[in-house]
Protein chains: 2
Amino acid sequence: MARERSWWGWGWADEAVHGAGLADLAARVAPFLPVDGDIAPVPDLAAVSLPPPRVRPPDSLAHLCTSRTRERAAHTYGKAYRDVVRTLRGDLATAPDLVARPGDEAEVAAILDWAGSTGVAVVPYGGGTSVVGGVELRDRARPWVSLDTGRLDGVVEIDAVSLAARVRAGTYGPAIEDGLRPHGLTLRHFPQSFEFSTLGGWIATRAGGHYATGYTHIDDLVQAVRAVTPIGVAQSARVPSSAAGPAPDRLWLGSEGTLGVVTEAWVRVRRRPRFTARATMTFTEYDDAVAATRDVAQSGLGPANCRLLDPTESALGAGVADGTSRLLLAFESADAPVDAALARATDIGQAHSGRSTSEETAREWRGSFLRAPYLRDGLARLGVVVETFETACTWSAFPALHAAVIQSVVSAGPAFAACRFTHVYPDGPAPYYTVYAAGRRGAEVEIWDGIKARVSEAILAQGGTITHHHAVGRDHRPWYDRERPEPFAVALRAAKAALDPYGILNPGVLIDP
Amino acid sequence: MARERSWWGWGWADEAVHGAGLADLAARVAPFLPVDGDIAPVPDLAAVSLPPPRVRPPDSLAHLCTSRTRERAAHTYGKAYRDVVRTLRGDLATAPDLVARPGDEAEVAAILDWAGSTGVAVVPYGGGTSVVGGVELRDRARPWVSLDTGRLDGVVEIDAVSLAARVRAGTYGPAIEDGLRPHGLTLRHFPQSFEFSTLGGWIATRAGGHYATGYTHIDDLVQAVRAVTPIGVAQSARVPSSAAGPAPDRLWLGSEGTLGVVTEAWVRVRRRPRFTARATMTFTEYDDAVAATRDVAQSGLGPANCRLLDPTESALGAGVADGTSRLLLAFESADAPVDAALARATDIGQAHSGRSTSEETAREWRGSFLRAPYLRDGLARLGVVVETFETACTWSAFPALHAAVIQSVVSAGPAFAACRFTHVYPDGPAPYYTVYAAGRRGAEVEIWDGIKARVSEAILAQGGTITHHHAVGRDHRPWYDRERPEPFAVALRAAKAALDPYGILNPGVLIDP
């Protein structure tokens, strides 16, 4: 039997925390945050009642569409904390009227064509792991279709000489790697959502991947994009680089389903690494750790991993309770040993009072990294508010930004935040925060939204971007609108009106009509 | 006395080839191409007669504008071969009516405002080194202003912690380095035009720079862009990376003056390299050399220089007349020695039958690289057709593309082409061709345009981009229009109409109204 995805929470259904696991989680959280002892039940799908679909597809498309309750419920939201809480509450009134699963580009075009003629909104859906409200529709008055790209899948062509592969947009992370592995190749793009997200979703949201330095975003791994828009198919040239006008692919990267449906892409792959070297360093002072990380980021050494855990993240994720910070370093190469690079990076760490330490904490941290979304869902059932947000800023802006963010979290009452750098650049880090706060039954979403608004204000005030790799969706719109240069907004609005003349694609995201 | 720029040809007036230098050049070329013995004279500026200016600026802007013959003549064209030939012919009928030199953003906005009200076209002009017809106006019926950004100059702010600098758009390459050097910093963006081109021009054209791998284009060195458009000022957030919608800076990168005037940018700088290592390798077979270069590009070693000269380029540029190819390799770092990386790269070369050789050819080649545009101008006066073009393609496409390009050059009658890779990527090289062909007095431009059309057809047919770093301008339009995905053209046209509602900015480039 195929393993089943959770319809209400993160990932695999059988990985959800339950029973004794929840009790253990409650016991671990209780010293820090109030826990009321209740456990919100997962709604019984058989008892879930959704509003009847308001639209019927034409007969020619009916075989691609479903209005089954489970499908509609599972496509109502993404996988943010606020999505899980709303689902646990049974708040599914904004479910899509239909879920459509086209199997080729002609079917995508036919769905867009029909939607354009009727005004039905179309929300492209890859793996549905959005944590920013990217795959829902909030306009309750408007019928909508969740366009699930899952059938547009497969690694369909490989150019081993040029290290490139043509991959259909609905292909999930593991299937991409499965398709490349027999050729000794890998994409090595591993967002935390890797198992449950798709290439098309990564492109639409400018996902952040495996590499801590260098080619951090899927943007850099894309050689050419193919997308179906309401006015036709766009296919960019398959070239390694170009100066032929503004880069066409950059319009799709970050378009979040507002301009078209990405159907496939040529991606840059690489030979599987044969050489790796890892180290973990401990720092008594966080400022020293930050300075060491900055020097490594500016050294040109290019570590594949360069993840700085602050003392709270070290404690929660890696079982280190002594107030120190941990820097996780890794180098890799398919060509030659990387020990010298690692040695140089650890020299840099030592120059900032860092000490090499056991790899145990790194292993433990990697385990909890993959487990984190399941734990979040468990905590949500326990009534604890727990969610993540992220940004990127210059090194010079970071200290004040970090202080302001932490302050805006703790000022919310019983609450605290852990920070790690997911990616680092010569000009600045990408700090990623996990917030834990006391919940109140029935008010969890409002509590989280309040915290999120405060931290978002702090981020913008201190020169950070509203998102380094989670995308904008609906949750980041107010701050995105302020971050975005107004003439660019004007240009994007004009482009949207030209590509999506009936305004059917993911309305409310990025731009208003 | 300040050194004087040539008004008719490349670079410094005092570097132009003349007298005995021209005779020597003629003798060197004669074995390969017919030379008629004439030398086209440089027109006497005092005798040049331009059409009278058709527009008069408002009094408030008059102090920013000039209609002096020398200024108008020098701003009539860029610096392509066809520009030099037309200037030598005295063909300056399309000279700008005015040359404007705003000193701040308010003055840029005032010029755009006035132009919008009168329909006068505005062509932004950085260093004027376009080789693709990017800074001229071909519509003879339309009055136009060449907007020279030269007064918007200077390195105005440095963030040494984040390795970033705020530089005004009209700053020339050497002035950027002069501003950074006292801080131990460098931009290390050295296009061949470095001395005579500006940051704004690099951004508008997506210039290719120093690094053969990795961050090859100015695109990657730009942290934030500021531009004045007819509808307002655009300023992007100063962050190292972001996933907040399609990247706003990518709209300015490659916009070629059609959407606004870039006025300044924060750029990513780095510490000056302290460690370098160089090697030159010789290959008997060009195919082996290509394979070696590909393996180095795919190794992850990241050489700063990885320039493959084919046998013709080796002969013409590096004095190597034995039919071998040369691979010029260099590594550099501000942090640590790079000898091991160089050793590994030369191992890769040896695995493809490459032999390490003297650095002499590399030095000679670098000398002729900087001298090449002056020699081109000399050859133009001798009646020889000589010009360059470039592309990028996948490694798998390269052999057929290269053969087709060479064939389309030699089929033009007495003509030949030299090839070098200026930049290499894991997925493909950026081949750069220099063409030498027999001229015919008075028909040089037509002969070149014929060759250019044939090679451009070959490039597109074989999967190359019409330009890797020279930009589109007016010369590449027909092929750019075919390379560009049509929905992207629609989006760009809509963006242009929204940002430049009166259609004054660089008309004819990238998009038609």
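Remember, it's a predicted structure, so these values are computed and weren't measured experimentally.

**Describing the overall build of chain A**
Secondary structure summary: chain A contains 17 helices and 18 strands in total. In terms of overall dimensions, chain A is globule-like: its C-alpha atoms have a radius of gyration of 23 Å, near the 24 Å expected for 513 residues. Taking the principal axes of the C-alpha coordinates as reference, chain A spans close to 70 × 60 × 50 Å. Taken over 513 residues, chain A has a buried fraction of 60%. Within chain A, counting contacts between residues at least 6 apart in sequence, those at least 24 apart form 73% of the total.

**Observations concerning the relation of the copies chain B and chain A**
Turning one copy of the chain about an axis and sliding it along that axis gives the other copy, so a rotation and a shift relate them. Once chain B has been moved 0.0 Å along the axis and rotated by 180 degrees, it coincides with chain A to within an RMSD of 0.0 Å. The symmetry that links the two subunits is that of a two-fold axis. A shared interface surface links the copies, since 100% of the contact residues of chain B are contact residues in chain A too.

**Some remarks on the sheet that holds strand β1 (residues 65-66) of chain A**
Residues and elements named next belong to chain A. As summarised here, the arrangement of the four strands in space is β1-β2-β4-β3, forming an open sheet in which the pairing is mixed. Each edge of the open sheet is held by one strand with a lone partner, namely β1 and β3 (121-125). As paired strands, strand β2 (residues 98-100) and strand β4 (residues 144-148) are joined by three bridges and run parallel to one another. Considered in β4, the bridge of V99 is made with S146.

**Concerning the pairing of strand β5 (residues 155-159) of chain B**
Residues and elements named next belong to chain B. As defined by bridge partners, β5 adjoins strand β6 (residues 164-168) across four bridges and the pair is classed as antiparallel. Looking at the pairing, E157 lines up with R166 of β6. Connecting the antiparallel pair β5 and β6 is a turn made up of four residues, with L163 showing a positive phi of about 55 degrees.

**Observations concerning the nonpolar core**
Ranked by size, the top nonpolar core spans 296 residues in total, and within it A:V122, A:I203, B:V122 and B:I203 carry the most contacts. In contact with A:V122, not counting residues within four places along its chain, are A:I111, A:L112, A:A115, A:V145, A:L147, A:I504 and A:L505.

**Remarks on the environment of B:F389**
By the element assignment, B:F389 lies in strand β16 (residues 385-390). Taking the C-alpha atoms as reference points, B:F389 and B:L147, separated by 242 residues in sequence, lie 26 Å from one another.

**Regarding the interface of chain B and chain A**
Residue-level contacts link 81 residues of chain B with 81 residues of chain A. Residue assignment for the side of chain B that touches chain A shows that the elements contributing at least two residues are β8 (222-229), β9 (232-235), α9 (249-252), α12 (339-351), β18 (428-437), α16 (477-483) and α17 (486-499) of chain B. No other element matches α17(B), which puts eleven residues into the side of chain B that touches chain A. Taken together, the residues of the side of chain B that touches chain A sort by class into 41 nonpolar, 28 polar and twelve charged.

**Quick notes on the packing of helix α14 (residues 398-410) of chain B against helix α15 (residues 444-461) of chain B**
In a packed pair of helices, the relevant descriptors are the angle between the two axes and the axis-to-axis distance. Residues and elements named next belong to chain B. Packing of α14 against α15 brings their axes to within 9 Å, and their N-to-C directions diverge by 165 degrees. Taken as axis vectors, α14 and α15 run roughly antiparallel relative to one another. Relative to α15, the crossing made by α14 is right-handed. Along the contact surface, α14 presents L401, A404, V405, S408 and V409, while α15 presents I451, R454, V455, A458, I459 and A461. The class makeup of the residues in the contact of α14 with α15 is nine nonpolar, one polar and one charged.

**Re the packing of helix α4 (residues 81-88) of chain A against helix α15 (residues 444-461) of chain A**
Residues and elements named next belong to chain A. Contact geometry for α4 and α15: axes closest at 9 Å, N-to-C directions at 165 degrees. The angle between α4 and α15 falls in the class roughly antiparallel. α4 and α15 meet at a crossing whose hand is left-handed. Judged by residue contacts, Y81, R82, V85 and R86 of α4 engage E444, V445 and W448 from α15. Its residues assigned to classes, the contact of α4 with α15 comprises four nonpolar, no polar and three charged.

**Here we look at the sheet that holds β9(B)**
Backbone hydrogen bonds are what pair the strands of a sheet, in a parallel or an antiparallel way. Residues and elements named next belong to chain B. The five strands lie next to each other as β5-β6-β10-β8-β9, forming an open sheet whose pairing is antiparallel. Looking at which strands have only one partner, the edges of the open sheet turn out to be β5 and β9. Adjacent strand axes in the sheet meet at a mean angle of 10 degrees when their direction is disregarded. Across four bridges, the pairing between β8 and β9 is antiparallel. Across the sheet, A227 pairs through a bridge with A234, a residue of β9. The sheet contacts of helix α5 (residues 105-118) involve β8, β9 and β10 (261-268), and relative to β8 the element is tilted by about 45 degrees.

**Some points on unusual backbone geometry**
Residue and element names in this part refer to chain B. Backbone geometry at R188 places phi at a positive 50 degrees, although glycine is not the residue there. By the element assignment, R188 lies in the loop between β7 (185-186) and α7 (199-205). The partly exposed category is assigned to R188, around which 18 C-beta atoms lie within 10 Å. Positive phi values are uncommon outside glycine, yet A471 reaches one of about 80 degrees. Here A471 shows up in the loop between α15 and α16.

**Comments concerning the environment of A:D347**
Positionally, A:D347 belongs in helix α12 (residues 339-351). Residues A:D347 and A:V55 lie 292 residues apart in sequence; the distance between their C-alpha atoms is 64 Å.

**Considering helix α4 (residues 81-88) of chain B**
Residues and elements named next belong to chain B. The element α4 is largely enclosed, with a buried count of seven among its eight residues. Buried within α4 are the following residues: Y81, R82, D83, V84, V85, R86 and T87. Those residues of α4 hidden inside the fold are in contact with α13 (360-382), β16 and α15. Trailing α4 by a residue or two, G90 shows a phi angle of about 80 degrees, which is positive.

**Observations concerning α12(B)**
Structural remark: α-helix, 3.6 residues per turn; residues separated by three or four positions point the same way. All names here are of chain B. The terminal C-alpha atoms of α12, which comprises 13 residues, lie 18 Å apart, in line with the 18 Å expected from a rise of 1.5 Å per residue. Taken residue by residue, α12 has A341, A345, T346, I348 and G349 as its buried positions. Each buried residue of α12 sits inside an arc of 150 degrees when the element is viewed along its axis, so together they form one side. Within α12, the exposed residues directed more than 90 degrees away from the buried face are D339 and A351.

**With respect to the pairing of strand β10 (residues 261-268) of chain A**
All names here are of chain A. Of all eight residues in β10, seven are buried; the element is thus mostly enclosed. Relative to β10, strand β6 (residues 164-168) runs antiparallel, the two sharing five bridges. Following the sheet pairing, A164 is matched in β10 by R268. Relative to β10, strand β8 (residues 222-229) runs antiparallel, the two sharing six bridges. For V228, the partnering residue across the bridge sits in β10 and is V261.

**What about the confidence of the model for chain A?**
Mean pLDDT for chain A: 96, with 100% of residues reaching 70 or above. We note a pTM of 0.97 for the whole complex and an ipTM of 0.96 for its interfaces.

Calculation rules
Residues numbered from 1 in each chain as written. Chains lettered and ligands numbered in written order. Predicted model: local features only at pLDDT ≥ 70, side-chain atom pairs only at ≥ 80, totals over all residues. Helix = DSSP H or I, 4+ residues; strand = E, 2+ residues; numbered from the N terminus. Rg over C-alpha atoms; globule rule 2.2 N^0.38 Å. Buried ≥ 20, exposed ≤ 12 C-beta atoms within 10 Å, placed from the backbone. Contact = placed C-beta atoms within 7 Å. Least-squares fit on C-alpha atoms with pLDDT ≥ 70 in both. Pairing = 2+ DSSP bridges. Core = buried A, V, L, I, M, F, W, Y, C linked by C-beta atoms within 7 Å. Nonpolar A, V, L, I, M, F, W, Y, C, P; charged D, E, K, R; others polar. Axes fitted to C-alpha atoms, helices over the stretch in contact; angles between N-to-C directions. Parallel < 35°, antiparallel > 145°, perpendicular 65-115°, else oblique. Left-handed = near helix turned anticlockwise from the far one by under 90°. Expected span 1.5 Å × (residues − 1). Arc of directions from axis to C-beta. pLDDT = per-residue confidence, 0-100.

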